[in-house]
Protein chains: 2
Amino acid sequence: MTPTFFNTNWDGTFKQRYLTADQHWQRPGGPILFYTGNEGDVTWFCNNTGFMWEVAEELGAMLVFAEHRYYGESLPFGPDSFSDSKRLNYLTSEQALADFAVLIQSLKKTLPGAERSPVIAVGGSYGGMLSAWFRMKYPNVVVGALAASAPIWQFPGMVPCGDFYKVVTQDFAKSGFNCDTNIRESWKAINNVSSTAPGLQWLSEEFSLCAPLKNKMEVAAFKGWLQETWVNLAMVDYPYPANFLQPLPRWPIQVVCKSLSFDSPVSDYQLLHGVSQAVKVYYNFTGGASCLNTSQTATGSLGVLGWFYQACTEMVMPMCSDGVQDMFEPEEWNFQAFSDECSSMFGVRPRADWAATLYGGKDIASHSNIIFSNGGLDPWSAGGVTQNLSDSLVSIMIPDGAHHLDLRYSNDLDPPSVRAARALEVQYFRQWIRQAEKTR
Amino acid sequence: MTPTFFNTNWDGTFKQRYLTADQHWQRPGGPILFYTGNEGDVTWFCNNTGFMWEVAEELGAMLVFAEHRYYGESLPFGPDSFSDSKRLNYLTSEQALADFAVLIQSLKKTLPGAERSPVIAVGGSYGGMLSAWFRMKYPNVVVGALAASAPIWQFPGMVPCGDFYKVVTQDFAKSGFNCDTNIRESWKAINNVSSTAPGLQWLSEEFSLCAPLKNKMEVAAFKGWLQETWVNLAMVDYPYPANFLQPLPRWPIQVVCKSLSFDSPVSDYQLLHGVSQAVKVYYNFTGGASCLNTSQTATGSLGVLGWFYQACTEMVMPMCSDGVQDMFEPEEWNFQAFSDECSSMFGVRPRADWAATLYGGKDIASHSNIIFSNGGLDPWSAGGVTQNLSDSLVSIMIPDGAHHLDLRYSNDLDPPSVRAARALEVQYFRQWIRQAEKTR
């Protein structure tokens, strides 16, 4: 028996950052839309969650954006928060939920007019998982939750580990002729070209790498960086120019695939030239980058280290590729290797089954008032709830939507599917609010 | 913002004790009745929960009795577990629930035939609160819960702090002529008699105290001991001879009141002689005690220190008396004084509102499949759920039952109300098991 060990440290407190907007709030009693902050700077999520701003007026709602402990400015131990696993011990999703609950209860006590306000949790991605879990664990605090692009089933034994990369691959397959095929071919080409010193140098120059590749290990890291780039493109394949992970044109994968839509076979060098042009769409669309830095793939607003610690403890999300149903190099899910990496990096080992025990896995039908919205283009939809589980655990699919498109500001180029999704989400909000008013 | 601080200590493990009985278990898939152990030695609760043993056969169920961390033999730091608040930090109800969840999941993995067994949580008193909370927080782990005499509302702002002692008083009022009145008079009599040295000596001898009373402080403690004695008698006012907190005759309060049923006014000495006779029914029914020890009021199987720490952190249960609607000396609920006591004793301060935030307080209607059974004689019924909250959050009242009488072995002297309660409880068990089988 090795149960979890929490530690209720009664003296330990920290400054948690949260943002509020009440210009449209109908007090007393008007609803509160509460953003359950995820792994990053809350101001960044606040600016990328236009949906809440747009519905605030019609719902007469106050907005609250709560920052997740250990991210942004909400660092329990300041700059030392990541210095050792003893300090990191306080970084868990349960903690974050408890923080949110305590924050809401204190707002209701101290904010005039908030006492009887129904609170609705809203979040996207990991923040969406938190929204769903928050409603499951604290139904007394929030009357419902919108969990946008929340892969609550991307855990061991719940969904096939290969589905995630399949979705990525499909996005590229349908965005340009041979696009996925050529990316699938590119890995071998990289291996070939990088096997000689001149080839290695050519590769570094072709991709304008800030740090030239020096050895096999760096080539492996380079391929990992490319793979993450394709994944990120799938996440942000939005129908209009946007700047979420990077500044990008509309339907960026279509633009990327323009450089990858030739008939194979071509030479390794031709192929990789196409790849480099494609990658530069993602990393240098604005033309401002003098060289490409393979150590970063997305905005610095995300807390990479904190998230990796969470992945090394609770958030164990198996992924794998076979190179056939997807366009990546075959790689099995190797829990042991992952666990060893976590052990050497943080001195902790992941608990593969804990999330399922704590949050119910597939057995969540007894809960209520949760919307699971997913985008068909979003690889995270592979681990999401894409079918209704009950009358009040509903799934909203946005076939031509990427990662939580529904949470973004509306745009003239929005597809009808996301407009419909947002309208339906607001309908459920109103229903939950009415329910809450009845039971008062 | 001062949210809770847990600490997920990945290296920390401890040996948790649990007892199992499978002679009636219909494997594979037969149900599991899981006792959510409370603040004491689990073997003692196991022996005082005959109900589970009696229904195991008709349900084809396996029995599991899990010990609560920091009680009995489940001491995370062995004998040092209570040595400092740093070690005590790991003692919380959430921890206990997590332990139970992890235990059940591991049993389902390792025990042949258990994988698909529906699990029902059963508990009494604090263990009953844990059963109810376990179903609320882990509906994926248990299909339902029987929360017997579980005062989940005995928290700040949920029920009047005076109700608890009112129930105690009513028990004595209806068990003998003038019984409550004479106890109400006794406090003044103790003050009078103890105000002189000879009186103090007489008092010590009259009550056969092992340690004679020496000063006002000890007299105050003596009165506290008497008060706790009356409370305990109300808890164990069973219709047959039993040995729960102490070995006692049937309907012990009626026996106690025989020595307290005279017409006042009588002299202080006569009155206190009656009180001493009454008290000795509780402490010396078997006649084995050479003197009375005011430092203990109940079985040593209960973990007093651990429970006091829990009361000083999460389990803040306000109580008060006015001496009019109850038979005790007037005493208001003084949170500050309580908090100061906790601070000096453990270096911690109670969080008055945390239990309400974490477990929902009165706002639990969204949950399901919980039976709240309460005894009309049981003072803890004052903080219990005594009315149905929904079709599947049901209350069962046992008017002539004391503290979780329904969980005890059946007895020829059982009143019809408790027989009916047990039958109804088993009906709900069957219903939950059928539900679980459907959703498989």
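Residues numbered from 1 in each chain as written. Chains lettered and ligands numbered in written order. Predicted model: local features only at pLDDT ≥ 70, side-chain atom pairs only at ≥ 80, totals over all residues. Heavy atoms only, no water.

Going by an unreviewed UniProt entry, chain A carries the name Lysosomal Pro-X carboxypeptidase and comes from Salarias fasciatus. Within the UniProt record for chain A, the comment given under Catalytic activity (unreviewed entry) is "Cleavage of a -Pro-|-Xaa bond to release a C-terminal amino acid." Checking UniProt for chain A, the heading Function (unreviewed entry) contains the comment "Cleaves C-terminal amino acids linked to proline in peptides such as angiotensin II, III and des-Arg9-bradykinin. This cleavage occurs at acidic pH, but enzymatic activity is retained with some substrates at neutral pH." (UniProt positions renumbered as here; feature names shortened; annotations may be inferred.)

We now examine the overall build of chain A. The secondary structure content of chain A amounts to 15 helices and nine strands. Judged by the C-alpha coordinates and their principal axes, chain A covers about 70 × 50 × 40 Å. Looking at chain A residue by residue over its 440 residues, the buried ones come to 60%. Total accessible area on chain A is roughly 16700 Å²; 51% of this is exposed by carbon and sulfur atoms. Here chain A contributes 31 positive and 43 negative side-chain charges, whose respective centroids are spaced 6 Å apart. (Helix = DSSP H or I, 4+ residues; strand = E, 2+ residues; numbered from the N terminus. Buried < 20%, exposed > 50% of the residue type's maximum accessible area, 1.4 Å probe, protein only. Areas by Shrake-Rupley, 256 points an atom, 1.4 Å probe, with all protein chains shown as cover. Lys, Arg positive; Asp, Glu negative; His and termini not counted. Charge placed at Lys NZ, Arg CZ, Asp CG, Glu CD.)

Residue and element names in this part refer to chain A. On the basis of which strands lie adjacent, the open sheet formed by seven strands has the order S1-S3-S2-S4-S5-S8-S9 and mixed pairing. What marks the edges here is a single partner per strand, and that holds for strand S1 (18–21) and strand S9 (393–398). When the angles between neighbouring strand axes are averaged without regard to direction, this sheet yields 15°. Contacts from helix H15 (residues 416–438) reach strand S2 (32–36), strand S4 (119–124), strand S5 (144–148), strand S8 (370–375) and S9, with the element oriented near 160° to S9. (Pairing = 2+ DSSP bridges. Axes fitted to C-alpha atoms, helices over the stretch in contact; angles between N-to-C directions. Contact = heavy atoms within 4.5 Å.)

Right, let's get into the sheet that holds strand S1 (residues 18–21) of chain B. All names here are of chain B. Reading across the sheet, the seven strands line up as S1-S3-S2-S4-S5-S8-S9 and stay open at both edges, with mixed pairing between neighbours. On the outer flanks of this sheet lie S1 and strand S9 (393–398), each paired with one strand and no other. Ignoring strand direction, the axes of neighbouring strands in this sheet form an average angle of 15°. Of the pairings in the sheet, the one linking strand S4 (residues 119–124) to strand S5 (residues 144–148) comprises five bridges and is parallel in character. Bridge assignment links Gly-123 to a residue of S5, and that residue is Ala-147. Contacting S1, strand S2 (32–36), strand S3 (62–66) and S4, helix H4 (residues 93–110) runs over the sheet at an angle of about 155° to S2. In the packing of helix H5 (residues 126–137) onto the sheet, the strands contacted are S2, S4, S5 and strand S8 (370–375), and the crossing angle to S4 comes to about 150°.

Attention now moves to the side chain of Ser194(A). Residue and element names in this part refer to chain A. Checked against the element boundaries, Ser-194 lands in the loop between helix H7 (179–193) and helix H8 (197–206). Side-chain polar atoms of Ser-194 contact the backbone oxygen of Ile-190, separated by 2.7 Å. A polar atom in the side chain of Ser-194 sits 3.2 Å from the backbone oxygen of Asn-191. In contact with Ser-194, not counting residues within four places along its chain, are Leu-200, Leu-203 and Val-219. (Polar contact = N/O pair within 3.5 Å; in protein donor to acceptor, adjacent residues only side chain to side chain.)

With 266 residues, the main nonpolar core has Trp133(A), Phe172(A), Trp230(A), Trp133(B), Phe172(B) and Trp230(B) as its most contacted residues. Setting aside anything within four residues of it in sequence, one finds Trp133(A) in contact with Ser93(A), Leu97(A), Tyr126(A), Ile152(A), Phe155(A), Met315(A) and Tyr359(A). (Core = buried A, V, L, I, M, F, W, Y, C linked by side-chain atoms within 4.5 Å.)

Here we come to the state of the cysteines. Residue and element names in this part refer to chain B. Here the structure, examined in full by the defined rule, presents eight disulfides over all chains. Between the sulfur atoms of Cys-179 and its disulfide partner Cys-257 the distance amounts to 2.0 Å. Across the S-S bond of Cys-179 and Cys-257 the torsion is about -85°, and the bridge reads as left-handed. Taken together, the residues Cys-179 in helix H7 (residues 179–194) and Cys-257 in helix H10 (residues 252–258) connect sequence positions 78 residues apart. With respect to burial, Cys-179 and Cys-257 carry one shared label: buried. Here the disulfide map of chain A reads 1-7, 2-4, 3-5, 6-8, the bonded cysteines being numbered as they appear in the sequence. (Disulfide = S-S within 2.5 Å.)

On to the domain arrangement of chain A, then. Residue and element names in this part refer to chain A. When cut into domains, chain A gives domain 1 (2–8 + 16–152 + 364–439), domain 2 (163–284) and domain 3 (305–348). Here domain 2 and domain 3 have C-alpha centroids that lie 22 Å from each other. Taking both sides of the interface into account, the surface hidden between domain 2 and domain 3 amounts to around 1100 Å²; carbon and sulfur atoms contribute 65%. By the criterion of area lost to domain 3, the three top residues of domain 2 are Tyr-165, Lys-166 and Arg-184, representing 46% of everything that side buries. Connecting domain 2 to domain 3 are one salt bridge. Its salt-bridge partner being Glu-329, residue Lys-223 comes within 3.2 Å of it at the nearest N-O pair. The tally of links from domain 2 across to domain 3 stands at six residue pairs in polar contact (both at pLDDT 80 or more). (Domains from an automatic or database assignment. Buried area = accessible area lost by both parts, 1.4 Å probe. Salt bridge = Lys/Arg side-chain N within 4 Å of Asp/Glu carboxyl O.)

Right, let's talk about the pattern of salt bridges for a bit. Taken as a whole and judged by the stated rule, the model has 28 salt bridges over all chains. Bridged by salt links that share partners, the residues Arg17(A), Asp41(A), Glu67(A) and Glu73(A) form one connected network.

The end-to-end C-alpha distance of helix H9 (residues 216–235) of chain B, which contains 20 residues, comes to 29 Å, matching closely the 28 Å that a straight helix rising 1.5 Å per residue would cover. With a side-chain oxygen lying 3.1 Å from the backbone nitrogen of Met217(B), the N-terminal cap of H9(B) falls on Asn215(B). (Expected span 1.5 Å × (residues − 1).)

Before going further, it helps to examine unusual backbone geometry. All names here are of chain A. For the bond running from Arg-27 to Pro-28, omega is 0°, close enough to zero to count as cis. Topologically, Pro-28 is positioned in the loop between S1 and S2. With a phi close to 55°, Asn-369 is a non-glycine residue in the positive phi region.

All right, on to the packing of H7(A) against helix H9 (residues 216–235) of chain A then. Residues and elements named next belong to chain A. Packing of H7 against H9 leaves a shortest axis separation of 11 Å and a crossing angle of 165°. Classified by the angle between their axes, H7 and H9 sit roughly antiparallel to one another. Crossing of H7 against H9: the hand is right-handed. For the pair H7 and H9, contact is made by Ile-183, Trp-187, Ile-190 and Asn-191 and by Val-219, Phe-222, Lys-223, Leu-226, Gln-227 and Trp-230, respectively. Of the residues in the contact of H7 with H9, the class split is seven nonpolar, two polar and one charged. (Parallel < 35°, antiparallel > 145°, perpendicular 65-115°, else oblique. Left-handed = near helix turned anticlockwise from the far one by under 90°. Nonpolar A, V, L, I, M, F, W, Y, C, P; charged D, E, K, R; others polar.)

Another point: the packing of helix H6 (residues 163–173) of chain A against H7(A). All names here are of chain A. At a minimum axis distance of 7 Å, the contact between H6 and H7 shows a crossing angle of 125°. The orientation of H6 relative to H7 falls into the category oblique. Together, Thr-169, Phe-172 and Ala-173 of H6 and Cys-179, Asp-180, Ile-183 and Arg-184 of H7 make up the contact between the two elements. Residue classes in the contact of H6 with H7 are distributed as four nonpolar, one polar and two charged.

With that settled, consider the environment of Thr36(A). Residue and element names in this part refer to chain A. Of note, Thr-36 is situated in strand S2. On a C-alpha basis, the gap between Thr-36 and Ala-132 in space is 9.7 Å, while along the polypeptide they are 96 residues apart. Residues contacting Thr-36, with those up to four places away along its chain left out, are Ala-66, Phe-100, Ala-121, Val-122, Gly-123, Gly-127, Leu-130, Ser-131 and Phe-134. One polar contact links the side chain of Thr-36 to the main-chain carbonyl oxygen of Gly-127, over a distance of 2.8 Å.

A separate point is the side chain of Thr36(A). A relative accessible area of 0% places Thr36(A) in the buried class. Only 2.7 Å separates the side chain of Thr36(A) from the side chain of Ser131(A), close enough to count as a polar contact.

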